[in-house]
Amino acid sequence: MSFKENLERWKDRKINYLRFGILFVVYIIYLCFGAMVFSLVESPFEEDMRNDIYNARNLFKADATCISDAELEEFIVKIVRATNRGISAVRNVTSSNPNWSFGQSMFFAGTVITTIGYGRVTPLSEAGKGFCILYAIIGIPLTLIMFTAIVERLMIPTAWFLQFMFRKLGHLYKVFHIQLLHLSIIIILVIVFFYLIPAAIYVTIEPNWNYLDAFYYCFISLTTVGLGDYIPGDSPDQPLRPLYKVATTFYLFIGLMMMMLILAVLYEIPELNIGFHFYLKSDTDEDERMRLQASAASGQKYSKQIDDEPAPVSEYQGIPSFPRPQATYQSTDGALQQSQ
């Protein structure tokens with residue numbers, strides 16, 4: 001390797017580290033921006049709630065003179081601690097559906113191994129906490145393997161649909177535009193069937209939720225944020241609560257797989273893989289990138305998108321041995337070239 005090539009590679013790596021530094025600064029700015037917005041938006045509501053609780057406590061103390069301030073404080077602490085552990089104190093602490101029924105336990109197990117982790121109901125015993133640790137150590141990797149295997153199979157009909165779009169639209173649009181349309185259709189379907197429709201169902205089932213609350217729950221859950229402020233089936237009057245919890249668990253599992261499917265389709269579009277500009281790349285990656293850039297700059301035009309019998313490609317980086325569409329291009333000199 002010549003000195004000039006080494007110098008060029010050193011410059012590329014220097015630019016890569018510069019890009020990473022800019023990304024890091026932008027990320028910190030975005031983090032601070034979020035903190036500032038949440039603080040400005042939520043602080044007034046928190047202050048109003050503090051005042052309401054303060055006034056309600058003073059009214060209660062004025063009416064119940066037989067209870068000292070220390071006794072009231074101790075009672076409130078017990079109520080708050082129980083509420084944080086998922087035990088409601090309303091209706092004289094009576095509930096026909098305990099938190100650790102089989103349905104509720106399955107819901108909890110699902111939120112653990114999918115890393116959603118709402119935190120409303122948590123293990124109370126030392127044995128339960130220890131088992132939760134071991135269960136998560138095995139369950140989280142197992143869930144990732146299971147979801148990846150299922151998404152791999154879902155990518156097969158997804159690629160068939162992409163090939164169909166290539167055949168119908170290949171003579172009109174570029175490869176990137178067809179892939180972008182394909183991704184957009186999948187995203188729209190996922191939003192409709194795993195966000196909009198489930199949110200409407202939750203609104204009809206949950207008595208205290210509006211549509212924004214239900215959509216917020218779907219989004220927070222399927223992105224594995226899992227704040228735990230909205231959880232289906234926590235109402236004391238919820239009929240068939242164990243069955244409702246099991247159904248919600250299956251919805252979360254299927255929804256998470258659909259989110260992984262979107263990411264898998266997204267990673268198949270090189271133009272949208274923005275992270276490539278910030279990752280550390282080997283010399284082979286740099287050579288491949290330079291080759292692709294030179295090919296794109298040579299003025300190639302798209303003439304036919306799919307061959308009659310596309311051959312499988314064994315070097316598919318997302319899912320091994322997955323058949324990718326075979327694209328046929330026509331360069332400016334009229335020669336046909338194939339790109340995998």
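Just so we're clear, the structure is a prediction, and the values are computed from it rather than from any experiment.

Caption draft 1: Structural view of helix α3 (residues 102-113). Compared with an ideal rise of 1.5 Å per residue, which puts 12 residues at 16 Å, α3 spans 16 Å between its outermost C-alpha atoms and is within 8% of the ideal. Among the 12 residues of α3, 9 are classified as buried, and the element is accordingly described as predominantly covered. Within the sequence span of α3, burial applies to Gly-103, Gln-104, Phe-107, Phe-108, Ala-109, Gly-110, Thr-111, Val-112 and Ile-113. Of the surrounding elements, those touching the buried residues of α3 are α4 (126-169), α6 (211-222) and α7 (241-267). Where α3 ends, the next residue or the one after it, Thr-115, has phi of about 65 degrees, a positive value.

Caption draft 2: Local environment of the pattern of salt bridges. According to the stated counting rule, one finds 4 salt bridges in the structure shown. Ionic pairing is found between Glu-46 and Arg-50, a salt bridge with its closest N-O pair at 3.1 Å. Within this pair, Glu-46 and its partner Arg-50 are both found in helix α1 (residues 3-63), separated by 4 residues, close to a single helical turn. With a closest N to O distance of 2.8 Å, Arg-57 and Glu-73 form a salt bridge. Separated by 16 residues along the polypeptide, Arg-57 in helix α1 and Glu-73 in helix α2 (residues 69-84) bring together distant segments of the chain. Here Arg-57 falls in the partly exposed class, since its relative accessible area comes to 24%. Judged by its relative accessible area of 35%, Glu-73 is partly exposed.

Caption draft 3: Examining the packing of α6 against α7 more closely. Two numbers describe how α6 lies on α7: the axes approach to 9 Å, and their chain directions differ by 65 degrees. In this structure, α6 crosses over α7, and the sense of that crossing is right-handed. Across the interface between the two elements, Tyr-217, Cys-218, Ser-221 and Leu-222 of α6 pack against Thr-248, Tyr-251, Leu-252, Gly-255, Leu-256 and Met-259 of α7. Grouping the constituent residues of the contact of α6 with α7 by class yields 7 nonpolar, 3 polar and no charged.

Rules used throughout
- Residues numbered from 1 in each chain as written.
- Predicted model: local features only at pLDDT ≥ 70, side-chain atom pairs only at ≥ 80, totals over all residues.
- Heavy atoms only, no water.
- Helix = DSSP H or I, 4+ residues; strand = E, 2+ residues; numbered from the N terminus.
- Expected span 1.5 Å × (residues − 1).
- Buried < 20%, exposed > 50% of the residue type's maximum accessible area, 1.4 Å probe, protein only.
- Contact = heavy atoms within 4.5 Å.
- Salt bridge = Lys/Arg side-chain N within 4 Å of Asp/Glu carboxyl O.
- Axes fitted to C-alpha atoms, helices over the stretch in contact; angles between N-to-C directions.
- Left-handed = near helix turned anticlockwise from the far one by under 90°.
- Nonpolar A, V, L, I, M, F, W, Y, C, P; charged D, E, K, R; others polar.

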